[in-house]
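Survey of secondary and tertiary structure
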Amino acid sequence: MIGGYLSQTFGYTLFMILAAVVLTLGAVVTVVCFALLAHHMLSSRRRQYRAALVARAIKLLAPVVATGGDLDLAVADARRRVGDRAVAEVLRRARLELKGAVASQLSRLLSEMGETSRLAQEARSRRTWKRTAAIRGLGECGGDQACNYLITAAQDPQPAVRRAARDALLSDRREESVRAAVISFLDDVPKRSGWRREFYSRLASVASGALLDLTTSGKLEPREEKLALEALGDVRERRAIPHARARLSAEDAELRATAVRVLGKLGDIESEQSMVRLLDDPESFVRSTAARAIEAIPAQASTLDALGKRLTDPVWWVRANAAHTLAHKGEDGAQILVEIMEGSDRYAQQISISALTHVNFSRAIQERLEQLLPRFSSDPETGAMLALLRTAQGAAQ
Amino acid sequence: MKNGNGSQKNCIVIAEDDDLTGELIEAVAARPGRQVLRANDGEAALRLIREHQPQLVVLDLFIPIRGGMEVLRLARKEGDPKRPRVLVLSAQGQLGTEEEARRSGADDFLAKPFIPGELAARIDRLLGKEAVQ
C-alpha cells in the first residue's frame, strides 16, 4: 500500500531507487550485526580459553611460589604446558601479592622470559591506553630492567601514563624508585585533589620516611602539606609528631586542623595542652577538629572542662564533637554532659543527650537523668529525647 | 578431632576471592594432617565456619557478598565458645583497617604484600595456641 502511494507520488523510477537504497542499507546493517556477533563470540571464547590457561598456570605455579620450590623448573614446565602469556600473568600477579626474596626471584624470571622486554616494547606505543597498560604491567614485573623504563615513563607527555608510572615506581618500593616517583610528582602535581591524596597515601604506605622528608622539606604548599601530613597520620608515622606539633600554630587554618587531627590519630599525649588551646581557635572547623581529636588521648580534668565550655559554642559541629568526645571519656565526661542539661541552653542540652545515646553510663548518671526529666515538661522535644535515652539505657542494661 | 574449645583441630578456612592469592595461601597453609578449606566470599566463609568449626580462619577483608569485617565480627561473636582464631590479611597502607580489625577481634594481622614464610609462621603460631575462651 505504502509502495503504491510512493510510486504514485514520486514516480516509479524514484520509488525503485529508494527501495534499492533501503534494501542495500538493510543488507549492510545485517552483515555488520552478524560480524559484530561473530567477533563477540570469538573474543568471548578467546577470553574463556585465556582464563582457563591462567587458571591452569595458577595451579602449576602457586604451590611452588608459596613453598619456595624450584621455581625456574616450574616456570619452564608451565611455559611448555600453558604458554608464556598465562605464565607471565600469573608471575606478575604473584609478584604484587608477595615481597622479599621470592618477589625478586619473580622479577628475575619475568625478565628472563622476555615479559619485561615485551611490555617495554608496548610502552613505546603511540596509543596512550596501550602505553598506560604496558607501564602498569612493568610495575607488576618489578626489577631493575622494568624500573629503568618506568623512570623514563614518569616523564611521559600524557598525565595518565605519568600517573601509572609513579604508581608502579612506588610499588617497586626501592629507594631510587620512590625518589623518581616523588620527583615526577613534584614536577607536575596533578590538578585533581583525589589523585594527589592517593599519591601521598601510597607513598606513606610504602616509604613513610620519604613522605616525611617531603613534608618537612618546605617544598610543599600548605594545601599539599595538609594532604601529606594526613597520610602520615593514617599510617601512624610517629616521626611526624614534631612536625605536626609545630603546625598547630600554623597561619593556615586547614593546616592547624590537620595537625591536631594527626596528633589525635597518633595519640600524642604531650600535645594535650596545645590541642586544648585550639578549642578556642577563631576558626570553627579547627575548634571542632580539636574537640574530636582529644577523644583519642587520655584527657585531664581541665581538658574535659575546656570541652564542656565548647558545648555552648555558637557552631553546631563544635558542640556535637565536644559532646561526642565527652560521652566517650567515661564517668567524668558524662558528668559534664549531665551538668549542662541542668543549665538553660537548649541546644547544649539536646546535643548532650544525643551524645549520651551512643554510650553506656553508670547507674548514678541514670538516676540524675531521671531527676532531670520533670524539668523538661515545658520543652517536649528535649523531654522526649531524654525519655528515649532513658529507655535505650534501660534496654542496654 | 575436636579441640578443647570445640573447634576442629588443624582445620583452616581461607576466605579469599582472588584465585591466585587463595591458592598461594592454601599452599602456605597446607601441611600433612591439616584440613584446608577455601571460600570465595563472605557468605561461603561463614557457612564453612559454621559447618566445620575451624581452628583458624585466614580472612581477606575485601571479599564479596559479606565483607571481611562482617565475617570477622560474626566469627568472633561474643559468648560463642567455638569461635575460631582469625588472621586478617589486607593491603598495606590501611593501618586504620588493622586497628579496626584488631578491635573487632582479629588475633593477628598481616599486610599484603607478604612473605610466604612469615604467613606460614603466623599460621603455625595461631594453630599452636588454644583459642581464647
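Remember, it's a predicted structure, so these values are computed and weren't measured experimentally. (Residues numbered from 1 in each chain as written. Chains lettered and ligands numbered in written order. Predicted model: local features only at pLDDT ≥ 70, side-chain atom pairs only at ≥ 80, totals over all residues.)

**Describing the overall build of chain B**
If you tally the helices and strands in chain B, you get five helices and five strands. In chain B, the succession of helices and strands from N to C terminus is β-α-β-α-β-α-β-α-β-α. Within chain B, buried positions represent 43% of all 133 residues. Counted over contacts in chain B with a minimum sequence separation of 6, partners at least 24 positions apart contribute 62%. (Helix = DSSP H or I, 4+ residues; strand = E, 2+ residues; numbered from the N terminus. Buried ≥ 20, exposed ≤ 12 C-beta atoms within 10 Å, placed from the backbone. Contact = placed C-beta atoms within 7 Å.)

**A look at the overall build of chain A**
When its secondary structure is counted, chain A shows 23 helices and zero strands. Here the C-alpha radius of gyration of chain A, 33 Å, is well above what a compact globule of 397 residues would show, namely 21 Å. Its C-alpha atoms put chain A at 95 × 75 × 45 Å along the principal axes. Across the 397 residues that make up chain A, the buried fraction comes to 39%. Of the contacts formed within chain A by residues at least 6 apart in sequence, a portion of 59% connects residues at least 24 apart. (Rg over C-alpha atoms; globule rule 2.2 N^0.38 Å.)

**Describing the interface of chain A and chain B**
The interface of chain A with chain B comprises 25 residues on the first partner and 16 residues on the second. Listing elements by their share of the side of chain A that touches chain B, those giving two or more residues are α2 (12-67), α4 (84-97), α5 (101-112) and α11 (193-206) of chain A. For the side of chain A that touches chain B, the element with the most residues is α2(A), which contributes seven residues.

**Section: the nonpolar core**
Of all hydrophobic cores here, the largest spans 142 residues; its most connected members are Leu138(A), Leu150(A), Leu337(A) and Leu59(B). Broken down by element, the residue count for this core peaks at seven residues, all from α2(A). Not counting the four nearest positions on each side in its chain, Leu150(A) is found in contact with Ile135(A), Leu138(A), Gly139(A), Ala165(A), Ala168(A) and Leu169(A). (Core = buried A, V, L, I, M, F, W, Y, C linked by C-beta atoms within 7 Å.)

**Re the packing of helix α20 (residues 330-341) of chain A against helix α22 (residues 363-372) of chain A**
All names here are of chain A. One can describe the packing of α20 onto α22 by two numbers: an axis separation of 11 Å at closest approach and a directional angle of 5°. Compared by their axis directions, α20 and α22 come out roughly parallel. Residues Ala334, Val338 and Met341 of α20 lie in contact with α22, whose contacting residues are Ile365, Arg368, Leu369 and Leu372. For the contact of α20 with α22, the residue count by class is six nonpolar, no polar and one charged. (Axes fitted to C-alpha atoms, helices over the stretch in contact; angles between N-to-C directions. Parallel < 35°, antiparallel > 145°, perpendicular 65-115°, else oblique. Nonpolar A, V, L, I, M, F, W, Y, C, P; charged D, E, K, R; others polar.)

**Observations concerning the environment of Glu23(B)**
Relative to the elements of secondary structure, Glu23(B) occurs in helix α1 (residues 19-29). Leaving out residues up to four positions away in the same chain, Glu23(B) has contacts with Ile58(A) and Ala62(A).

**Remarks on the environment of Arg368(A)**
With respect to the helices, strands and loops of the structure, Arg368(A) is situated in helix α22. The spacing of Arg368(A) and Glu342(A) is 26 residues in sequence and 9.8 Å in space, taken between C-alpha atoms.

**Focus on the environment of Glu225(A)**
All names here are of chain A. By secondary structure assignment, the location of Glu225 is in helix α13 (residues 222-234). Note on Glu225: 25 C-beta atoms within 10 Å, which makes it buried. A C-alpha to C-alpha distance of 9.4 Å links Glu225 and Thr258, two positions 33 residues apart in sequence. The contact partners of Glu225, leaving out residues within four places of it in the chain, are Thr215, Leu220 and Leu255.

**Details of α5(A)**
Residues and elements named next belong to chain A. The terminal C-alpha atoms of α5 lie 17 Å apart, and with twelve residues this matches the ideal 16 Å at 1.5 Å per residue to within 8%. By the burial criterion, the buried members of α5 are Val102, Ala103, Leu106, Ser107, Leu109 and Leu110. Here the buried residues of α5 occupy an arc of 165° about the axis, which is enough to place them on one side. Looking at α5, the residues exposed on the side facing more than 90 degrees away from the buried face are Ala101 and Glu112. Positive backbone phi, at 90°, marks Gly114, one or two positions downstream of α5. (Expected span 1.5 Å × (residues − 1). Arc of directions from axis to C-beta.)

**Quick notes on the confidence of the model for chain B**
Scored by pLDDT, chain B has a mean of 84; 83% of the residues are at 70 or more. ipTM for the predicted complex: 0.87, alongside a pTM of 0.74. (pLDDT = per-residue confidence, 0-100.)

**Brief notes about the packing of helix α18 (residues 301-309) of chain A against α20(A)**
Any two packed helices are characterised by how steeply their axes cross, that is the angle between the axes, and by the distance between the axes. All names here are of chain A. Contact geometry of α18 with α20 gives a least axis separation of 10 Å together with a crossing angle of 30°. Relative to α20, the element α18 lies roughly parallel. The two elements α18 and α20 meet at a crossing, and its hand is right-handed. Residues Ala301, Leu304 and Gly308 of α18 lie in contact with α20, whose contacting residues are Asp332, Gly333, Ile336 and Ile340. Classifying every residue of the contact of α18 with α20 gives four nonpolar, two polar and one charged. (Left-handed = near helix turned anticlockwise from the far one by under 90°.)

**Concerning α11(A)**
With 14 residues, α11(A) extends 20 Å from end C-alpha to end C-alpha; this agrees with the ideal 20 Å at 1.5 Å per step. In this structure, the buried side of α11(A) is in contact with α9 (159-172), α10 (175-187), α12 (208-216) and α13 of chain A.

**Focus: unusual backbone geometry**
Residues and elements named next belong to chain B. The peptide bond linking Lys112 to Pro113 adopts the cis configuration, its omega dihedral lying at -5°. Within the secondary structure, Pro113 is located in the loop between β5 (108-112) and α5 (116-128). You will see that Gln53, though not glycine, has its phi angle at about 45°, which is positive. Residue position: Gln53 is located in the loop between α2 (42-52) and β3 (54-60). The exposure class of Gln53 is partly exposed, given the 19 C-beta atoms found within 10 Å.

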